[in-house]
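Understanding the architecture of this molecule
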Amino acid sequence: MSKKVEHLTPVKEKSPKISSPKQVAAGIPAVVSTMYHGLSRMGVIKSISNLSKVNRFDGFDCPGCAWPDPDDHRTHFEFCENGAKAVADEGTRERADPSFWSRWTVANLSRKSDRWLNSQGRLTHPMILHPQSDNYEEISWEDAFQLIAEELSSLKDPDQAIFYTSGRTSNEAAFLWQLLARRFGTNNLPDCSNMCHESSGVALGDSIGIGKGTVTLDDFTKADLILVVGQNPGTNHPRMLTALRDAKRAGASIVSINPLLETGMRKFKHPQDLLEMLGSGTSIADLHVPVAVNGDLALFRGLAKLIISGGEVDMDFIADYTHGFEDYKKSVRSSKWSDISDSAGVSRQEIEYLGRAVRESKSTIVCWAMGLTQHRNSVATIQEIMNVLLLGGHIGRPGAGVCPVRGHSNVQGDRTVGINHNPSAGFLDSIRSSIGINPPNKPGLDAVNSVLAMNDSKASVFLSMGGNFVSAMSDTAATSGAIEQCSLTVQISTKPNRSHLVTGRTALILPCLGRSERDLSSNGIYQSVSVENSMGVVHASKGSAKPASEKLRSEPAIVSGIASALETRIGNSGILWHELSEDYGLIRNLIESTVPGFESYNDRIKLDAGFYLPNAPRDGRTFNTDSGRANFRVHPITRASAPPGQFIMMTIRSHDQYNTTVYGLDDRYRGIKNARRVVLMNGEDMQDTGISQGSMVDISSHFDGTTRNSELWRVVQYDIPRGNVATYFPEANSLIPLGSVAEGSNTPTSKSVSVSVVPSRSKMRFWRKQLRQAS
């Protein structure tokens with residue numbers, strides 16, 4: 001294994017402190033955590049200045065998640081604990097400047113944890129890692145652009161280049177990025193959606209004609225029933241708890257469907273509501289259904305069986321708006337309760353109890369996140385959920401619909417403006433007619449196929465607009481090996497991360513402005529960008545903090561710099577790259593002329609709350625599918641299963657992280673402190689395998705005749721269904737096989753991997769290594 005991926009071998013952690021999971025989310029601990037992260041990283045003045053502008057009408061969009069803000073008002077502090085961490089992390093006073101890179105070799109940095117790398121602060125200058133060198137050196141912007149242009153122009157085929165995108169990229173930067181790729185001649189535009197909600201987009205696009213949610217924030221207080229499935233809002237989307245609290249106060253019933261009962265679904269104290277802080281908080285979930293990992297399809301099949309047998313089907317809606325009902329009804333009726341219950345991991349009685357609420361509800365919302373999207377049958381599972389909603393006509397009316405909750409703050413917007421490895425013919429035609437270039441028609445590479453292509457030497461230049469691909473992607477060894485096959489890797493970043501250490505023969509780091517920082521063009525124009533949240537609202541974001549370095553450039557300026565240098569070698573396209581980077585309004589004009597729904601973009605973006613993009617199912621019960629109707633899709637009941645002696649592993653995130661960015665070693669809500677290499681196990685499973693609380697184990701994943709091993713994990717007894725275990729992302733990514741993907745979406749199956757867990761054989765070897773390193 002490459003020396004640069006030594007992070008796969010655990011660094012020394014203190015013995016973890018384990019306590020009972022917390023019963024209340026947020027509250028005083030959230031306030032304390034927010035203050036600590038802000039003051040320790042930014043100082044008093046900058047903390048007040050930056051945090052007072054998060055999600056304000058005249059401020060910047062929080063980089064923490066894609067949950068929407070209220071349309072009609074904003075509080076003085078419109079952010080959550082995790083949003084404050086993200087802002088403080090970006091606004092840190094620490095700097096990873098050229099002197100940092102001269103002091104530290106890549107080999108030495110590779111032995112540091114991801115948390116340590118992130119804590120070194122903001123990048124300040126463009127840097128280059130030359131072939132055979134072990135230290136990054138400073139490089140000028142122009143030389144960096146020329147190097148990229150030279151490498152790209154020397155490729156025999158444009159498809160040898162890959163243009164990856166992180167979901168925090170603004171609409172303007174994302175549109176330019178895809179324009180650069182397609183002007184160059186490739187649709188190789190993988191993005192973080194390929195690893196998370198690609199399954200949602202594929203499933204919903206086929207079922208209802210749009211790969212997005214169909215509800216607004218206001219719908220939550222109009223719903224009778226809200227099902228929160230495969231999601232942990234308290235950690236990953238904390239502001240969603242406010243919407244759930246308000247829904248509960250308005251009379252909605254809320255059900256948690258998840259292998260783990262997460263604290264955020266128990267009870268919530270709004271940290272900005274003094275009376276609530278002093279009280280006992282608001283209970284959120286009326287019912288928790290402890291479904292087995294990947295048992296959701298079977299559970300919803302059981303609900304469908306109850307609805308159909310009970311005669312609660314909205315036949316008028318079915319007749320007017322749907323296709324395929326009779327085939328689906330036949331499949332449901334033939335489904336056996338024994339198969340349903342066994343696959344769901346939930347008794348028939350529990351499903352019937354939940355079924356009564358589903359059958360009685362006149363307006364139901366189903367929310368989900370990656371607990372549903374990262375399985376082999378994810379597309380089928382999400383379409384089964386859609387089937388259940390269609391049975392009751394729960395779409396296109398107040399208080400009802402689907403709500404896939406996105407993580408990155410603009411991952412949905414990036415896809416809307418063209419970050420798509422498989423774009424529609426209509427989008428490509430719009431590019432041709434409005435911009436005058438001729439993009440390729442052939443689909444490009446998604447994330448998994450990008451790794452395969454690099455490993456097979458079919459792609460040799462990897463450019464990344466944000467993100468941390470090496471840590472985020474499944475099968476870390478395969479991903480790292482693929483990157484190291486490249487002749488050039490380019491990372492557009494704000495802080496050091498693992499992808500700066502696992503590189504091609506030549507590597508560039510191009511430092512960019514953060515979301516909170518002011519963006520001034522060379523002619524003094526104060527620029528703003530725009531983003532799209534999980535509910536299809538496009539709104540402005542304008543930073544005001546002083547940039548971390550005078551050498552930083554905005555993402556649109558970096559894209560334009562690369563494109564301008566490239567066109568001196570491959571010919572002029574007529575695209576005014578420099579002018580676009582000087583005035584983002586011109587970029588928005590191009591988006592308006594290319595993407596439906598952005599009419600009067602520059603005018604509407606000035607509205608306080610922005611504007612809603614068209615959503616045909618929500619706006620008028622119109623379904624742009626192959627049938628012209630909402631499609632019932634029939635799938636067999638399936639569930640990931642492990643052979644005797646093995647378990648199904650799912651990866652999860654701790655409360656002290658944002659995607660691959662790790663802020664600390666605590667998972668407060670789950671009662672875990674000072675540890676990340678932990679595996680959560682059912683107590684009875686521990687007894688059966690002779691594993692005790694706190695013992696060290698090795699984990700091996702098994703797929704298609706291959707085995708992947710990861711040593712030295714500490715066992716934590718937890719309330720998780722038998723036969724299932726849970727580990728933290730990204731540490732467990734090395735166990736996720738590259739070839740284990742969701743059918744239809746090609747998303748890595750990070751939530752259902754067959755593993756064995758055995759007492760560690762490496763403990764003594766590990767501690768000897770630690771002693772050698774310490775000496």
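Each remark here, short or long, concerns the structure printed above.
Residues numbered from 1 in each chain as written. Predicted model: local features only at pLDDT ≥ 70, side-chain atom pairs only at ≥ 80, totals over all residues. Heavy atoms only, no water.

Attention now goes to the overall build of the chain. Scanning the chain for helices and strands turns up 31 helices and 31 strands. Buried residues in the chain amount to 63% of all 775 residues. Considering only intrachain contacts with a sequence separation of at least 6, the fraction spanning at least 24 residues in the chain is 79%. Roughly 27,900 Å² of accessible area belongs to the chain as shown, and the carbon and sulfur atoms make up 49% of that amount. (Helix = DSSP H or I, 4+ residues; strand = E, 2+ residues; numbered from the N terminus. Buried < 20%, exposed > 50% of the residue type's maximum accessible area, 1.4 Å probe, protein only. Contact = heavy atoms within 4.5 Å. Areas by Shrake-Rupley, 256 points an atom, 1.4 Å probe, with all protein chains shown as cover.)

This part is about the sheet that holds strand β19 (residues 529-532). On the basis of which strands lie adjacent, the open sheet formed by 3 strands has the order β19-β20-β21 and antiparallel pairing. Strand pairing shows two members of the sheet lacking a second neighbour, β19 and β21 (611-612), which therefore form its edges. Bridge count between β19 and strand β20 (residues 537-541): 4 bridges; the pairing is antiparallel. Residue pairing in the sheet places Val 531 in a bridge with His 539 of β20. Contacting β19 and β20, helix α8 (residues 171-184) runs over the sheet at an angle of about 90° to β19. (Pairing = 2+ DSSP bridges. Axes fitted to C-alpha atoms, helices over the stretch in contact; angles between N-to-C directions.)

Within the structure shown, the criterion is met by 18 aromatic pairs. Aromatic side chains Phe 317 and Tyr 321 sit 5.3 Å apart centroid to centroid with 35° between the ring planes, which places their arrangement in the tilted category. Here Phe 317 and its partner Tyr 321 are both found in helix α14 (residues 315-321), 4 residues apart, which amounts to about one turn of the helix. Residue class for Phe 317 comes out buried when judged on its relative accessible area of 2%. Aromatic pair Phe 598 and Phe 611: ring centres 6.1 Å apart, planes at 90°, arrangement edge-to-face. With Phe 598 in the loop between α27 (584-594) and α28 (601-604) and Phe 611 in strand β21, the pair connects residues that are 13 residues apart, well separated along the chain. Residue Phe 598 is classed as buried on the basis of its relative accessible area, which comes to 0%. (Phe/Tyr/Trp six-rings, centres within 6.5 Å; stacked < 30°, edge-to-face > 60°.)

Along the polypeptide, His 197 turns up in the loop between α8 and α9 (198-208). Taking relative accessible area as the criterion, His 197 reaches 3% and is therefore assigned buried. Of note is the side chain of His 197, whose polar atom sits 2.8 Å from the side chain of Ser 200. Each residue touching His 197, except ones within four places of it in the same chain, is listed here: Trp 368, Ala 369, Thr 373, Pro 404, Val 405 and Arg 406. (Polar contact = N/O pair within 3.5 Å; in protein donor to acceptor, adjacent residues only side chain to side chain.)

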